Amino acid sequence: MEIKKTFKSFSYKCRITKKALRIGEVDFAEDKPTLIVASPPEFKGYAGIISPEDLFLASVSACTLMTFESFAERMNVAFSAYQADAEGLVEHDGEKYRFAKVWIKPKITVPNEEMRAKALEALEKAHKYCLVSASLNTRVEVEGEVIIE
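Residues numbered from 1 in each chain as written. Predicted model: local features only at pLDDT ≥ 70, side-chain atom pairs only at ≥ 80, totals over all residues. Heavy atoms only, no water.

### Brief notes about the overall build of the chain
Counting its secondary structure elements, the chain contains three helices and seven strands. Helices and strands in the chain line up, N terminus first, as β-β-β-α-β-β-α-α-β-β. Taking 2.2 N^0.38 as the reference for a compact globule, 149 residues should give roughly 15 Å; the C-alpha atoms of the chain span a radius of gyration of 18 Å, well beyond that estimate. For the C-alpha atoms alone, the extent of the chain along its principal axes is close to 55 × 45 × 35 Å. Per-residue burial for the chain yields a buried fraction of 26% across its 149 residues. (Helix = DSSP H or I, 4+ residues; strand = E, 2+ residues; numbered from the N terminus. Rg over C-alpha atoms; globule rule 2.2 N^0.38 Å. Buried < 20%, exposed > 50% of the residue type's maximum accessible area, 1.4 Å probe, protein only.)

### Concerning the pattern of salt bridges
Applying the stated rule across the entire model yields six salt bridges. Notably, a salt bridge pairs Lys105 with Glu143, separated by 4.0 Å at the nearest N-O pair. One end of the pair, Lys105, is in strand β5 (residues 97-110); the other, Glu143, is in the loop between β6 (139-142) and β7 (145-148), with 38 residues separating them in the sequence. Overall, the relative accessible area of 39% leaves Lys105 in the partly exposed class. Arg116 is paired through a salt bridge with Glu113; the nearest N and O atoms lie 3.0 Å apart. Note that Arg116 and Glu113 are positioned in helix α2 (residues 113-129) at a spacing of three residues, about one turn of the helix. Exposure remark for Arg116: the relative accessible area of 26% places this residue in the partly exposed category. Salt bridges sharing common partners tie together Lys101, Arg139 and Glu141. (Salt bridge = Lys/Arg side-chain N within 4 Å of Asp/Glu carboxyl O.)

### A look at the nonpolar core
Residues Phe68, Val77, Val102 and Ile108 are the most contacted members of the largest nonpolar core, which totals 21 residues. Those elements giving two or more residues to this core turn out to be α1 (52-74), β5, α2 and β6. Setting aside its immediate chain neighbours within four residues, Val77 contacts Ala72, Met115, Lys118, Ala119 and Ala122. (Core = buried A, V, L, I, M, F, W, Y, C linked by side-chain atoms within 4.5 Å. Contact = heavy atoms within 4.5 Å.)

### Notes on the layout of surface pockets
Estimates place the volume of the largest pocket at around 850 Å³. Tyr12, Phe28, Lys32, Ser59 and Val132 are, among the 24 residues lining the largest pocket, the residues nearest its centre. Counting residues per element, the ones that place at least two in the lining of the largest pocket are β1 (14-20), β2 (23-28), β3 (35-38), α1 and α3 (131-134). Of the residues forming the lining of the largest pocket, the biggest block, eight residues, is contributed by α1. (1 Å grid on protein atoms, 1.4 Å probe; cavity = no way out; pocket = protein on both sides within 12 Å on 5 of 7 lines; lining within 4 Å. Points joined across faces, edges and corners; volume = space filled by probe spheres on them.)

### Structural notes on the side chain of Thr109
Relative to the helices and strands, Thr109 resides in strand β5. With residues near it in sequence (within four places) discarded, Thr109 still touches Phe79, Ser80, Ala81, Ile147 and Glu149.

### Digging into the pairing of β1
In terms of residue burial, β1 counts as a barely covered element, since only zero of its seven residues are buried. Between β1 and β2, which pair antiparallel in sequence order, lie two residues; one of them, Arg22, sits at a positive phi of approximately 60 degrees. (Pairing = 2+ DSSP bridges.)

### A closer look at the packing of α1 against α2
Two numbers describe how α1 lies on α2: the axes approach to 8 Å, and their chain directions differ by 130 degrees. By the angle between their directions, the pair α1 and α2 is classed as oblique. Helix-helix and strand crossings are classified by hand; for α1 and α2 the assignment is right-handed. Residues Thr64, Thr67, Phe68, Phe71 and Ala72 of α1 lie in contact with α2, whose contacting residues are Ala119, Ala122, Leu123, Lys125, Ala126 and Tyr129. (Axes fitted to C-alpha atoms, helices over the stretch in contact; angles between N-to-C directions. Parallel < 35°, antiparallel > 145°, perpendicular 65-115°, else oblique. Left-handed = near helix turned anticlockwise from the far one by under 90°.)

This is the structure:
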């Protein structure tokens, strides 16, 4: 008899309230901090305020980190640092603007050569299983660099 694996479902919520022209305040559940967001200058918004585009890019980058940490823990990958630069390219596709591509460029510091291979494997898995990336209709490329201390 085959055992069928069951999976949980999760729900996340937020509320946005208009505060001014092209500025909103986002409230999250569970006593998380409020976040002020605005349209970026490219879309008649404001410099110096986090935009939905910033949040989009940060979500992909943060999810990649958290997923990497999960796989690194399971695979016993010892690493002392992780820092990733991220870039998102917004283009007009003839109909609308959209994120055409996202690049995540992590630099991971490990103690030795054996950990380098394991860190790269964990990063590959993170790229494959990152919930946010897997939910997008945008190409995401992860170009990792592993540095030995």
